[in-house]
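# Topology and contacts: notes
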Amino acid sequence: MTSVLAVRQRGWMVFFIGTGDGQLIKLSVDRKYHAACPTVLYRTSDDLKVFPKLHLDPVDRKYVYVPFRNQIKRVPVSKCSTYTNVQECWSAQDPYCGWCGSKSSCTFEDDCTDSDWLSIPDESQHKMISHKLEKDTNGQISLKIHTHLTVGQEAASNFTCQFSAPSTELCTQNNPPQQFPQCTCILDTTLPPDGLHVIVKFRLGSTQLSEKLSLTNCSDISGPPSSVLCQQCIKAGCRWNTNRCSWADQTEINDSVCQNVQSGKNFSIPEISSITPRVVSFYGRNHAVLSGRNLDDVTAVRMQADTDCTPKESPVWDNTGFSLTFHIPTSDIKGVVNVCLLLPDGRCHGKAKITYSSLPSCTNITPSSSWISGKRKITLTGSHLNFVEGVIHSHAMHDVRLPRNISSQSLTYDSPEALSISSSTMFLKVANKTLNCSTKLSYYPDPEFTSFTATRTGKDVRITIQKKTDKLEMTIDELSMWGIQDKPKNCTMEAKETSNNTDSFTCEIESSTNPEFQQLLIKYGDKSVKLENKDESAVYYFLMPILVLLLTPAIIIAVVLFYKRQQQRLADKMNKFVEDLELNIRNDIRQGFVELQTENADLLENVGTIPFLDFKHFASRIFFPENESLMESCIKDISQDVVKIQLDECCQGLSRLIQDQLFLTSMVHALEEEKSFTIKDKCAVASLLTVALHSNLSYLTEVMEVLLKDLMQKSSNTQPKLLLRRTESTVEKLLTNWMSICLYGFLRETVGQHLFLMVSALTQQIAKGPVDCVTEKALYTLNEDWLLWQAQDFSSLKLKVLFAVGTDGEVSEPLEVNALDCDTVEQVKEKILSSFKAKFGFPYNIPLRDVCIEYEKNGLFFPLEEVDASSEVIGEVTMLNTLKHYKVNDGGTIKVLSKKTHPPLSPQGSVKDDENFSGKYFHLIDPDVDEDQTKNPERKKLKLKEVHLTKLLSTKVAVHSFVEKLFRSIWGLTLSRSPFAVKYFFDFLDTQAENMKITDPDVLHIWKTNSLPLRFWINILKNPQFVFDMEKTPHLDGCLSVIAQAFMDSFSLSEMQLGKYAPTNKLLYAKDIPKFKQEVKMYYKQIRDQSPVTPAEFKDFLHEESKKHENEFNEAAALKELYKFIERYFTEIKQKLDENGVPAELKEQLQHVKQSFDGLKSCSWS
């Protein structure tokens, strides 16, 4: 069951059920939860799954929409018009249908324009009219008739009953009045022993009904108790009670009491062991075999679904007591039915199940042709072919070909004979039906063999047979041959070759003393052909001596020349080797040149929705890049985001304490004076303060300014150009966090898209060429350390990828994925999932680890694995399988499935995991072991790293436009204004330089560069995973480092002196840096020339930033972590407070906080 729609119809609940095997089933349930017999409204011939969410037509509620993979069917909710009379209309037990008296037809209830209609009642019933015989104490017999109907007003008001019997007056004159739904006849006669036949006629509006009854004296129904006698009693309108038949009373008569009646006869209880077959199509199956015990007394096999429907019974034959044969009848519904064995007394014993499934279908035949003499082995592929009982061809409908080697997906059979060349339509015989097959079999003339030759090879004789080329595409497996001498000798088929309109077949006869065969016996299908050999032995014996005489001088001359030319050949071989080496190097250089001149940077810019991280996750990765536990504890999860958590008393006290600027600055200075207070501790304290004071950014800014002024005034800071160059103090980390908070909006709205496009373009460019799966080195890269200069030749492939849908073998529409023939299986999976996300905008619902892929070859799918039995092994090192290894062609079809288990590649968990390994792997970079070069000469071509350095430039050209746009989005001014935080902080630095009497403009330039590009933007450029929901590979990190270096060189004041030995990462952007430097100088000048940001404006900006992200951080967790540092250096902090002359109230407040935390025993510190 894949989908359900429930609709209330009068007192019934109607369920429309879609199934995984393509059925729409209607199941009606009455108000007492009794289900009527289900009906199939729609059924596919295959197992096409019904998708979820069935919909009733909102306009015409007589239809339901059924969704499938590529279509939606509009199916009527009922088939009322198919029922031709009242009884059929009622027996359908369909709440939608009713008999319309004015139209004399079965219709939907609202299609009957008047109230002259009748339908089923609100409770499920087995009969439309029931009767029972009651006998009172005076011996008077009453026949009571009850109609189980729901009727309209007109039908109910015109209700009459008429009782009649042949040649007798049936009812007395004092009958009770007739009133729907019941009428009574008090019999005026006694019931004869052989029974009385009665006809009851009803009138309901304009509808007339009649019922024939056979009335029997209940006391006369007697005999040994049995199910048959019980059924006879109930059918007569009597009541079965305590194993005997008696007159009915007020209780309801139900034949269910007959199911457990024990028979007087002693029948052995049959048992079912097996049924062959157990699964059939809904057309049923002829000659099914049932095995078991005690089957001698079985009269029929009964099949019934789980719901209370009329069972189907099939007679039996060939009953041996241990097995019997029967026909499995057709079924309207796919599914499981219960099977039991019927005994003569009416009881049914045994328990088994038969499953009805879809019809067989054929998709392909191999081969697609046959010779006209027939008996060619044909393989038919499709689905549910195990239900096929025979194959029939249109030119020989009487000839049923029995299948062999049959399975669900394939079967084989022998083609029938054809009288002429034609195309024959195929049919599948299933039970008593024939199904049309979508494929046809072509007939061509029988193969024509022309001649053969025999030659000795050692002790064996090789025979080559020539045949005219035809359209049969005969294989060596279809031929059998024998050489005829004194007796036939078997010739083993070996190969087939085709050239010049001739097919040549080769076979060998083992250990034959005489190579001369005058005849060859050839057999194919059911036909044998004898082929005569042309006598060429006389010519052979005549020419042989002449050839020997002619060849002897030539052999002598050849031997002499061999020694004279040996040295020349060796020299030629060396010259050829050098020429090939030079040619390979030239080709590599030329290829690099061509790429540089033809690079068109055709990288995808439409990346769909950019996966930005929300603010709290972005900020936490900036604050705590190396401390995941602090990162998780200081941000709230989704359930806490909208809840403002009240701080406990100890945290409230600490929060008030750090809101005092004198205390906070004194505490920071006290901590930094301690040698045990490491740089890691300084960064942690700065980030914890940022979280704790995030709701008051104005105050945090004031504290940061005070601490920065103190840092600038330090006597040890004799080199002003080194200020803010590294993160060696609390305030420097505080500045990093402050910039991240204030520039998040600018990053997301202006820079984020360009950053994501640049990273995406770089990733795509890397994937355009080979990437070594083990080392992650690539042919296309920006970093020389990650250059795969050992890469061999490769070619691009376009794959058609199908995704498995559901569990029944259905697949999606094909998705085109670009890959390389040198890609490993894991790399192909990554490219498939990446292409899926790029096209649809969301990731595939199965993670990479749970994905497996298969390749279609000759109509069958074969699994592709990283390492299998066919993997190449060199020494103790295994090569990972690639698409080239599996011979996957351009345009090949790949299917994506989910695997339930995760078998390890080996005891080594990953190909990149070299710790505790038991085996090593390689991909594109050869292992350092000896190998026979003749096995793979392509791999042993000499490769020079310097030749492939052009790939760095090629990659740079491909992504350069994205890099330029990114850089200019950072130092460009939106609406001629820089972000508030940048202008405010640059003005702050200008003011401090003026106060410190620093007039060197280079110092100010370096301060601004260290505080913004170096402290913030470089962190973002090198770590895009801080901004986006993505993973950064080590290779990508190496490429981003080159781009980040170019970015920082653009802010440098020194001129770069680059020579031929300079690092390639410097040389790549050497020509671009001067232009970037001019843009940076203009950027700094424009900021300096802007009107200053007033304190009120900046305070409003900070307040707005705090308000945007309030309640996103766990302030309590940050305060508790912060107190750990206060507790560790409590004495030193207290001494610093004394030195700075802080008020006594602050010291008391600090002591109170300590006592509160010490007393909070249940406080969690983890």
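Note that the structure is a prediction, hence the values are computed from the model and not measured. (Residues numbered from 1 in each chain as written. Predicted model: local features only at pLDDT ≥ 70, side-chain atom pairs only at ≥ 80, totals over all residues. Heavy atoms only, no water.)

When helices and strands are counted, the protein chain shows 24 helices and 51 strands. A fraction of 65% describes how many contacts in the protein chain between residues 6 or more apart in sequence connect residues 24 or more apart. In the structure as shown, the protein chain presents an accessible area of about 60500 Å², 51% of it carried by carbon and sulfur atoms. (Helix = DSSP H or I, 4+ residues; strand = E, 2+ residues; numbered from the N terminus. Contact = heavy atoms within 4.5 Å. Areas by Shrake-Rupley, 256 points an atom, 1.4 Å probe, with all protein chains shown as cover.)

So, on to the confidence of the model for the protein chain. In the predicted model, the protein chain carries a mean pLDDT of 83, and the fraction of residues at 70 or more is 89%. In this model residues 596–602 is a low-confidence stretch, pLDDT under 50, and it forms 11 contacts with partners more than four residues away in sequence or in other chains. A low-confidence stretch, residues 913–918 (pLDDT under 50), is modelled with five contacts involving residues beyond four sequence positions or located in other chains. (pLDDT = per-residue confidence, 0-100.)

Moving on, we come to the packing of helix α16 (residues 1001–1011) against helix α17 (residues 1013–1022). Contact geometry of α16 with α17 gives a least axis separation of 4 Å together with a crossing angle of 35°. For the pair α16 and α17, the contacting residues are K1008, T1009, N1010 and S1011 in the first and P1013, L1014 and R1015 in the second. Across the contact of α16 with α17, the residue classes tally to two nonpolar, three polar and two charged. (Axes fitted to C-alpha atoms, helices over the stretch in contact; angles between N-to-C directions. Nonpolar A, V, L, I, M, F, W, Y, C, P; charged D, E, K, R; others polar.)

Attention now goes to helix α23 (residues 1130–1139). Taken together, the buried positions of α23 are F1130, I1133, K1136 and L1137. The buried side chains of α23 occupy one side of the element, clustering within an arc of 125° when seen end-on. (Buried < 20%, exposed > 50% of the residue type's maximum accessible area, 1.4 Å probe, protein only. Arc of directions from axis to C-beta.)

Another aspect to go through is the environment of C822. Following the sequence through the fold, C822 ends up in the loop between β45 (815–820) and α13 (825–840). It is 6.2 Å that separates the C-alpha atoms of C822 and L883, two residues lying 61 residues apart in sequence. In contact with C822, not counting residues within four places along its chain, are P770, F794, Q827, T882, H923 and L924.

Okay, the pattern of salt bridges next. Across all of its chains, the model carries 42 salt bridges by this definition. Across the pair K467 and D470 runs a salt bridge, and its minimum N-O distance is 3.1 Å. K467 gets classed as buried once you look at its relative accessible area, which sits at 1%. Using a relative accessible area of 25% as the deciding quantity, one classes D470 as partly exposed. (Salt bridge = Lys/Arg side-chain N within 4 Å of Asp/Glu carboxyl O.)

Before going further, it helps to examine a nonpolar patch on the surface. Taken together, the side chains of L547, L551, I555, V559, F562 and Y563 present a nonpolar region at the surface, about 620 Å² in accessible area. Checked against the element boundaries, F562 lands in helix α4 (residues 537–598). (Patch = residues over 30% accessible without salt bridge, like charges linked within 9 Å, V, L, I, M, F, W, Y side chains within 5 Å.)

Turning to the packing of aromatic side chains, a few remarks are in order. Given two aromatic rings, their pairing is described by the distance between the two centres and the angle made by the two planes. The tally for this structure, following the rule as stated, stands at 38 aromatic pairs. Their ring planes at 45° and their centres at 6.5 Å tell us that F16 and Y96 sit as a pair that is tilted. With F16 in strand β2 (residues 12–18) and Y96 in the loop between α1 (86–91) and β8 (97–100), the pair connects residues that are 80 residues apart, well separated along the chain. Each of the two residues, F16 as well as Y96, counts as buried. Taken together, a centroid distance of 6.1 Å and an interplanar angle of 70° make the contact between F746 and W1017 edge-to-face. One end of the pair, F746, is in helix α12 (residues 744–767); the other, W1017, is in helix α17, and 271 residues separate them in sequence. With relative accessibility at 3%, the residue W1017 sits in the buried group. (Phe/Tyr/Trp six-rings, centres within 6.5 Å; stacked < 30°, edge-to-face > 60°.)

On to the state of the cysteines, then. One way to say it: the disulfide is the covalent bond shared by the sulfur atoms of two cysteines. Applying the stated rule across the entire model yields 10 disulfides. Across a sulfur-sulfur distance of 1.9 Å, C218 and C238 are joined as a disulfide pair. On the sign convention where negative means left-handed, the S-S torsion of about -85° between C218 and C238 marks this disulfide as left-handed. One end of the pair, C218, is in the loop between β17 (207–215) and α3 (227–235); the other, C238, is in the loop between α3 and β18 (239–241), with 20 residues separating them in the sequence. According to the relative accessible area criterion, C238 is buried, its value standing at 0%. Shown here is the disulfide that connects C362 with C437, its sulfur atoms set 1.5 Å apart. One end of the pair, C362, is in strand β28 (residues 361–366); the other, C437, is in strand β35 (residues 433–444), with 75 residues separating them in the sequence. Among the residues examined, C437 registers a relative accessible area of 4% and is labelled buried. (Disulfide = S-S within 2.5 Å.)

If you trace the four strands from one edge of the open sheet to the other, you get β1-β2-β3-β4, paired in antiparallel fashion. Of all strands in the sheet, those with a lone pairing partner are β1 (3–9) and β4 (39–43), marking the two edges. The sheet shows a mean angle of 20° between the axes of neighbouring strands, taken without regard to direction. Here β2 runs beside strand β3 (residues 23–29); their pairing, made up of six bridges, is antiparallel. (Pairing = 2+ DSSP bridges.)

What follows covers the nonpolar core. The biggest cluster of nonpolar side chains holds 134 residues, and the ones touching the most others in it are W738, W1017, F1047 and I1133. Among the elements that make up this core, the one with the highest residue count is α12 (12 residues). Ignoring sequence-local partners within four residues, the contact set of F1047 consists of F967, I970, W971, P1013, W1017, I1018 and L1021. Grouped together as the second largest cluster of nonpolar side chains are 68 residues, A155, F202, I234 and C258 included. (Core = buried A, V, L, I, M, F, W, Y, C linked by side-chain atoms within 4.5 Å.)

Relative to each other, helix α7 (residues 649–658) and helix α22 (residues 1115–1128) sit at 75°, their axes nearing to 10 Å. With respect to α22, the axis of α7 lies roughly perpendicular. Contacts between α7 and α22 pair C651, L654, S655 and I658 from the former with E1115, A1116, L1119, K1120, L1122, Y1123 and I1126 from the latter. Here the residues of the contact of α7 with α22 sort into eight nonpolar, one polar and two charged. (Parallel < 35°, antiparallel > 145°, perpendicular 65-115°, else oblique.)

Another point: the side chain of T216. For T216, the position within the fold is in the loop between β17 and α3. What makes T216 buried here is its relative accessible area of 17%. Beyond its immediate sequence surroundings of up to four residues, T216 is in contact with L133, L191, G195, I221, A236 and C238.

With four of five residues buried, strand β15 (residues 182–186) is to be regarded as a mostly interior element. In terms of strand pairing, strand β12 (residues 141–147) meets β15 through five bridges, oriented antiparallel. Looking across to β15, one finds that L143 is bridged to C185.

S227, L229, C230, C233 and I234 are the residues of α3 that are buried. Down the axis of α3, the buried set is contained in an arc of 160°. They therefore lie on one face. Structurally, α3 contributes buried residues whose contacts are with β18 and β19 (244–246). At the C-terminal side of α3, G237 shows a positive phi close to 90°.

Turning our attention to the sheet that holds strand β9 (residues 105–108). The strand order across the open sheet built from four strands is β9-β8-β10-β13, with neighbouring strands paired in antiparallel fashion. The open sheet is flanked by β9 and β13 (150–151), the only strands paired with a single partner. The pairing of β8 with strand β10 (residues 117–119) spans two bridges and is antiparallel. Note that in β10 the partner of W99 across the bridge is L118.

Another point: the environment of S1091. With respect to the element layout, S1091 can be found in the loop between α20 (1073–1089) and α21 (1095–1108). Considered as a pair, S1091 and R977 are 114 residues apart in the sequence and their alpha carbons are 9.3 Å apart. When residues no more than four places from it in sequence are discounted, the contact partners of S1091 are R977 and K983.

It is worth spelling out the environment of A1118 at this point. Relative to the helices and strands, A1118 is located in helix α22. Expressed as a C-alpha distance, the spacing of A1118 and I635, which sit 483 residues apart in the sequence, is 9.3 Å. Contacts of A1118, omitting those with residues within four sequence positions, involve C634, L688, V691 and A692.

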